Amino acid sequence: MLKFLTIRDFVIVDRMELEFVPGFTVLTGETGAGKSILIDALSLVLGERGDPGEVRNGCERAEISAEFDVRKLPELGDWLRENGFETDDDGGICLMRRVVDVGGRSRGFINGYSATLQQLRAAGEKLVDIHGQHAHQSMLRNDAQRDLLDAFSGSHELHRSTVEAYRRWQGLQQRRLAWEQNAAVFMQEREQLEWQVNEITTLNFSLDEWQMLQADHSRLSHAASLLEAAQMGLEGLSEGESAALAQINSVISRLHNLLDRDVDLKIVLDLLESAQIQLQEGVYELERYQQRLDLDPQRLQEMEERLSAIHATARKYRVTPAELPDLWRTATDRLNELYQGDDGETLAREETAARDEYFGLAKKLSEAREKAAKTLSQQVTAAMQTLAMAGGEFSVALTPLEQGNAHGMEQIEFQVSAHQGLPLRPLAKVASGGELSRISLAIQVITSKLGAAPTLIFDEVDAGIGGRVAEIVGGLLKKLGTERQVMCITHLAQVASAGDHQWQVTKLVDPANGGKVSSRITVLEKQERVEEIARMLGGEKITETTRKHAAEMLRGGRDTGLAI
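Note on numbering: residues in each chain are counted from 1, in written sequence order. Confidence filtering applies because this is a predicted model: local features only for residues at pLDDT of at least 70, side-chain atom pairs given and counted only at 80 or more, and all residues used for totals across whole chains, interfaces and linings. Side-chain measures were taken over the full set of non-hydrogen atoms in the model, leaving aside hydrogen atoms and water.

**Side note on the pattern of salt bridges**
Part 1: For salt bridges, the criterion is a side-chain nitrogen of Lys or Arg within 4 Å of an Asp or Glu carboxyl oxygen. As enumerated under the stated definition, the model contains 24 salt bridges in all.
Part 2: In this structure, the salt-bridge partner of Arg81 is Asp78, at a minimum N-O distance of 2.5 Å. With Arg81 and Asp78 both in helix H2 (residues 74-82), this residue pair falls 3 residues apart, about one helical turn.
Part 3: By relative accessible area, Arg81 is classed as partly exposed at 44%.
Part 4: Burial status follows relative accessibility: with a 1.4 Å probe on protein chains alone, a residue under 20% of its type maximum counts as buried, one over 50% as exposed, and anything between as partly exposed. Residue Asp78 is classed as partly exposed on the basis of its relative accessible area, which comes to 37%.
Part 5: Note that Arg306 is salt-bridged to Glu209, the shortest N-O span being 2.8 Å. Of the two residues, Arg306 sits in helix H11 (residues 297-316) while Glu209 sits in helix H7 (residues 207-221), which places them 97 residues apart along the sequence.
Part 6: By sharing partners, the salt bridges in this structure join Asp150, Arg369 and Glu410 into a single network. In this description a helix means any DSSP run of H or I spanning at least four residues, a strand means any run of E spanning at least two, and both kinds are numbered starting from the N terminus.

Dropping the structure here:
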């Protein structure tokens, strides 16, 4: 049950703190005073999308807080704990808060913990059920009629499962058809990839081998000139008549003999000896290199054949030899995809299983709808007899669909006969505005009894009715208020007089603050209720006769005995 609602800087409300009570509460006031702002604020804190235009002019942010007594809602308590929104010590209070700033940023909180809009809505659905003033218009749509019947039958989850099963079935059917259309293309691509992968695998190519092969081939193909250069180097350094090493050794020997005569020669000797060592190492390396160098024509031919095979394969697939390993990996991955992908037999089996699952769920949904349609038709027909539609009839028609669709195996249509003797026809074609409002109200009250939400709010759902019917509607809502916390925004004195409590919404203009407009809600006492209902009856000019009539209506406000 809703206990407290605090609204700050929302539309034309600067600050408002409301304490709610059980029973049937009516909100009245002149048009434009801001009655529906209460509903809008409560909807916002329950997860509706925020709009920066809802922030009061000149303010930085709007803030709405709602406190609920949830002691009789163990399912909600479990949900709060599972989602990390711990309640107070005895688990009796749920505090929901919403902040929307002028820049459009929105934040939500449950029991002080940050919450997403989806979480706010999930909690709100268990706390409050709001019936908007345009519900009778939406009831003309087939999807709204279907949703209402499923809610009445308790089949929302079954309907959702049926939709999912249908989409799976259709998705598999599309995949099978696509596979059949492209099977030849896939087979051709797979054969080409198999040939490509096998050819590159047989080539047994690697980047390391490629680099070594290039180096070895370059060396073998120039072996003669390399040997000649090595031999020439050895002769010039150590083996020829005027070899460099022999001459350096001769100079070093002579300088050594003269060192005792001039010590400055020591620097020159050190440099020459270092050069001698380097030259000798060079001679050793040339000798070893000469010994390793191979003049093997057969080996060279084998290398050239290997290089030719690699180049031929690379040219065939229009890549460089170095790119062959990447080509092999790409082709292998695609081939695995084709092997692991769809095949006709598997897809056909999966499609059949999905189709059977859909029809199984759709059959259960049809059975639940058929039973609920009969009950709902009877109850709404009974309600119509007391809502100035004596002899009228309401029916939920279920027209079978041969193949079914995402929403089941039948087309759902609300039909009505407004008067006795008239045939049943679609609701959208035969109901006048007043009749539609009455039928809609009857359906909403009947279906609201099935919900678990402890708080029901009706926003001008009594539009288009009056007189005796309005008294019946007031009694109907009053009776509903004995079971739930019920609030109703109304312009009808007959409905207002049936309320257990009455709040008046007024609009104030502050001349001292630049003519700024604000909205106020006042809890009316007995005499104040007489004045407000008299205003609703007589307009601006209220007479004693109007006041007496209002007082009589308050004394006579009672249950009409409407069975729902």
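Further notes follow.
**Structural notes on the sheet that holds strand E8 (residues 128-131)**
Part 1: Pairing is mixed across the open sheet formed by 6 strands, whose spatial order is E8-E12-E13-E3-E14-E15. Both edges of this open sheet fall to E8 and strand E15 (516-523), since each of them pairs with a single strand only. Across the sheet, the mean angle separating the axes of adjacent strands is 20° when strand polarity is ignored.
Part 2: Here strand E14 (residues 501-510) runs beside E15; their pairing, made up of 8 bridges, is antiparallel. Bridging across to E15, Val505 finds its partner in Ile521. Any two strands with at least two DSSP bridges between them are considered paired. For helices, the axis comes from a line fit to the C-alpha atoms of the stretch in contact; other axes are also lines fit to C-alpha atoms, and the angle between any two N-to-C directions lies between 0 and 180 degrees.

**Side note on the sheet that holds strand E6 (residues 106-110)**
Part 1: With respect to topology, 6 strands assemble into an open sheet ordered E2-E1-E4-E5-E6-E7, the strand pairing being antiparallel. Edge positions in the sheet fall to strand E2 (13-19) and strand E7 (113-115), since each has one partner strand and no second. Between one strand and the next, the sheet's axes are offset by a mean angle of 15°, whatever the strand orientation.
Part 2: Bridge analysis of E6 against E7 gives 3 bridges, and the strand direction is antiparallel. Paired with Gly108 across the bridge in E7 is Ala115.
Part 3: When checking whether two residues touch, look at their non-hydrogen atoms; a contact exists if any pair is within 4.5 Å. Relative to the sheet, helix H3 (residues 117-127) contacts strand E4 (61-69), strand E5 (93-101), E6 and E7, its axis offset from that of E5 by approximately 135°.

**What about the packing of aromatic side chains?**
To describe a pair of aromatic rings, one takes the distance between the centres and the angle between the planes.
Part 1: Between the rings of Phe, Tyr and Trp (Trp by its six-membered ring), a pair exists once the centres lie within 6.5 Å; its type follows the angle of the planes, with under 30 degrees stacked, over 60 edge-to-face, and the other angles tilted. Scanning the entire structure with this criterion turns up 9 aromatic pairs.
Part 2: A centroid spacing of 5.6 Å and a plane angle of 55° characterise the contact between Trp169 and Phe359, whose relative ring orientation is tilted. Taken as a pair, Trp169 in helix H6 (residues 156-203) and Phe359 in helix H13 (residues 344-385) lie far apart in primary sequence, 190 residues in all.
Part 3: Through pairs of rings, three or more aromatic residues link up here, namely Tyr166, Trp169, Tyr358 and Phe359.

**Considerations on the packing of helix H18 (residues 526-538) against helix H19 (residues 544-556)**
For any two helices packed against each other, the geometry is given by the interaxial angle and the distance between the axes.
Part 1: Packing of H18 against H19 leaves a shortest axis separation of 8 Å and a crossing angle of 115°. For the pair H18 and H19, the crossing hand works out as right-handed. Taken together, the residues of H19 that come into contact with H18 (itself represented by Lys526, Arg529, Val530, Glu531, Ile533, Ala534, Leu537 and Gly538) are Thr546, Arg547, His549, Ala550, Ala551, Met553 and Leu554.
Part 2: Considering only residue class, the contact of H18 with H19 consists of 8 nonpolar, 3 polar and 4 charged. Working rule for handedness: look at the near helix, and if it is turned counterclockwise from the far one by less than a right angle, call the crossing left-handed; if clockwise, right-handed. Residues are grouped as follows: Ala, Val, Leu, Ile, Met, Phe, Trp, Tyr, Cys and Pro are nonpolar; Asp, Glu, Lys and Arg are charged; all remaining types, including Gly, are polar.

**Here's the deal with the pairing of E14**
Part 1: Here strand E3 (residues 24-28) runs beside E14; their pairing, made up of 4 bridges, is parallel. Among the inter-strand pairings, Thr28 is bridged to a residue of E14, identified as Gln504.

**Comments concerning the side chain of Gln145**
Part 1: Its location among the elements puts Gln145 in helix H5 (residues 142-153).
Part 2: Using a relative accessible area of 2% as the deciding quantity, one classes Gln145 as buried.
Part 3: Other than its neighbours up to four places away in sequence, Gln145 contacts Met139, Leu140, Ile412, Glu413, Phe414 and Leu427.

Taken by themselves, the reported measurements are silent on function.
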